[in-house]
Amino acid sequence: MIPTPEHNERIAKMTFASVYPHYVTKVEKKNRTKEELHEVITWLTGFDEVTIQKLIDEKVTFETFFQKVTLNPNADLITGVICGYRIEEIENELTKQVRYLDKLVDELAKGKKMEKILRS
């Protein structure tokens, strides 16, 4: 499936704060921790705990969130299907970055070892 321009726009305007609680719920339901979630977010984005909380409090959109990111150089090693989309086929850079984050959260929730999730 290839994301439509409308899909890309919807993702860009979605706030990180609106999705973050779902990430927490998803990982905690599978006996993973919020700290592990933050480790994954930090690996991908370079954001520390304080910055993550600040971005949540400011209710930034994913567009703004990823404009502030220094993406991990190994992020392109994140491949596979998430939400029906093959990550490596997504052309819109922002949508791809959001799907990177979704995929990492999904792998954490599925019980993958942290070394594999962090591509180390």
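Computed from a predicted structure; not experimentally measured.

So, on to the side chain of Arg119. The residue Arg119 is located in the segment after helix H7 (114–117) in this model. We classify Arg119 as buried; its relative accessible area is 17%. At a separation of 2.7 Å, a polar atom in the side chain of Arg119 contacts the side chain of Glu107. Of the polar contacts made by the side chain of Arg119, one reaches the backbone oxygen of Ile117; its length is 2.8 Å. Those residues in contact with Arg119 that lie beyond four places of it in its chain are Trp43, Asn74, Leu77, Ile78, Thr79, Leu104 and Glu107.

In total, this model carries ten salt bridges according to the counting rule given. When the shortest N-O distance is used, the salt bridge between Lys26 and Asp106 registers 2.9 Å. Highlighted residues: Lys26 in helix H2 (residues 16–29) and Asp106 in helix H6 (residues 93–109), separated in sequence by 80 residues. For Asp106, a relative accessible area of 11% gives the class buried. Salt bridges here are not isolated pairs; linked through shared partners, they connect Glu9, Lys13 and Glu63.

Looking at the secondary structure, you find Lys13 in helix H1 (residues 5–13). The exposure class assigned to Lys13 is partly exposed, which follows from its relative accessible area of 47%. Along the backbone, Lys13 and Phe65 are 52 residues apart, and their C-alpha atoms lie at a distance of 10 Å. Once residues within four sequence positions are removed from consideration, Lys13 is found in contact with Thr61 and Glu63.

Cut-off values and rules
Residues numbered from 1 in each chain as written. Predicted model: local features only at pLDDT ≥ 70, side-chain atom pairs only at ≥ 80, totals over all residues. Heavy atoms only, no water. Helix = DSSP H or I, 4+ residues; strand = E, 2+ residues; numbered from the N terminus. Buried < 20%, exposed > 50% of the residue type's maximum accessible area, 1.4 Å probe, protein only. Polar contact = N/O pair within 3.5 Å; in protein donor to acceptor, adjacent residues only side chain to side chain. Contact = heavy atoms within 4.5 Å. Salt bridge = Lys/Arg side-chain N within 4 Å of Asp/Glu carboxyl O.

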